[in-house]
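Single-letter residue listing:
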Protein chains: 2
Amino acid sequence: MGGGEVGLKEVSSFYSEAGGELKEFKKLDGELTPGSRITYEKRLTEVDVAFFGLASGDLNPLHFDEEAASRTRFGGRVVHGMLTASLVSAAVARIPGTVVLLEEGFKYLAPVRVGDTVRVEGVISEKEKNRYRIEVKCSVGGKVVAEGYVRVLVW
Amino acid sequence: MGGGEVGLKEVSSFYSEAGGELKEFKKLDGELTPGSRITYEKRLTEVDVAFFGLASGDLNPLHFDEEAASRTRFGGRVVHGMLTASLVSAAVARIPGTVVLLEEGFKYLAPVRVGDTVRVEGVISEKEKNRYRIEVKCSVGGKVVAEGYVRVLVW
């Protein structure tokens, strides 16, 4: 770590106190083969939107300015699409082994609101040696908000 | 905001003190048409990796455990692929108007290290009414680390 920078432990404390949902990171059990399912869910709060906005630099008013966002067709603020997609990164990182993201593709179908719990459901569609393709749907209360795929390499 | 949750201002202070690079959010000038270019760059530090890891729940040891990561072919920790992609979200959010992400596709070609400055270069490849497709390359020191595209809607 460079001078003046803080690590995960200190950021975790701030995050938790600020209303973030700390998720335990644990690997899935057993071997994954085509047809195997991976599920994961996480609530996206104010602090997640702020964390994503600052880490990326995406301070789009649609995510931060309630007044401006209320004048759009969404009628209010929404979560960054790529923050929803990031939950897929977390979901597939749970595959046993060292997981490396190779490729991704997503379509965003409906807005996600601050405070929504997003559920990720993935199905392994291809496995060739140590490379997997996983088809993914993200949903809020049963409504699909994003869908796509990722390809990962597992060491 | 819900009880106990903090907003962007408070998180920004923490982020900046923790070594994060605060980027000013400003819109691009002029009309964008096919061939128009968008560039953006940001340094990704420890705090960005921690912010992304906590917001997503992706605490993959490849991003957080130097000892475990040093035993992989990467020889050390790398930044989440989707954190690199998130800079594309920030880049296209600078298009004048209210920008909504519709679709994205990325391939990850080379590792990004904690502390690297990632440069995003986008070229508008299609414009149909208020929908744009943008081809994107992300690079570190001239080496392409990710490439792909996004589609956005502008209100």
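Residues numbered from 1 in each chain as written. Chains lettered and ligands numbered in written order. Predicted model: local features only at pLDDT ≥ 70, side-chain atom pairs only at ≥ 80, totals over all residues. Heavy atoms only, no water.

Digging into the nonpolar core
So, point 1. If you look at the biggest cluster of nonpolar residues, it comprises 90 residues, and the most contacted ones within it are Phe51(A), Val152(A), Phe51(B) and Val152(B).
So, point 2. In contact with Val152(B), other than residues within four places in its own chain, are Val92(B), Ile95(B), Val99(B), Val100(B), Leu101(B), Leu102(B), Asn130(B), Arg131(B), Tyr132(B) and Ile134(B). (Core = buried A, V, L, I, M, F, W, Y, C linked by side-chain atoms within 4.5 Å. Buried < 20%, exposed > 50% of the residue type's maximum accessible area, 1.4 Å probe, protein only. Contact = heavy atoms within 4.5 Å.)

Brief notes about the interface of chain A and chain B
So, point 1. Contact residues are listed per partner, giving 63 residues for chain A and 63 residues for chain B.
So, point 2. Interface area, chain A with chain B, both sides summed: about 5,300 Å², of which 67% is carbon and sulfur.
So, point 3. Our count for the chain A to chain B interface comes out at 0 salt bridges.
So, point 4. For the pair chain A and chain B, the number of links is 16 residue pairs in polar contact (both at pLDDT 80 or more).
So, point 5. Contributing elements (two or more residues each) for the side of chain A that touches chain B: helix H1 (8-17), strand E1 (37-43), helix H2 (46-56), helix H3 (61-64), helix H5 (81-92) and strand E2 (99-108) of chain A.
So, point 6. The biggest single contributor to the side of chain A that touches chain B is E2(A), with 10 residues.
So, point 7. Among the residues making up the side of chain A that touches chain B, the classes are represented as 37 nonpolar, 12 polar and 14 charged.
So, point 8. The pairing of E2(A) with strand E2 (residues 99-108) of chain B spans 5 bridges and is classified as antiparallel. (Buried area = accessible area lost by both parts, 1.4 Å probe. Salt bridge = Lys/Arg side-chain N within 4 Å of Asp/Glu carboxyl O. Polar contact = N/O pair within 3.5 Å; in protein donor to acceptor, adjacent residues only side chain to side chain. Helix = DSSP H or I, 4+ residues; strand = E, 2+ residues; numbered from the N terminus. Nonpolar A, V, L, I, M, F, W, Y, C, P; charged D, E, K, R; others polar. Pairing = 2+ DSSP bridges.)

Note that every value here comes from positions in space, so none of it alone points to a role or purpose.
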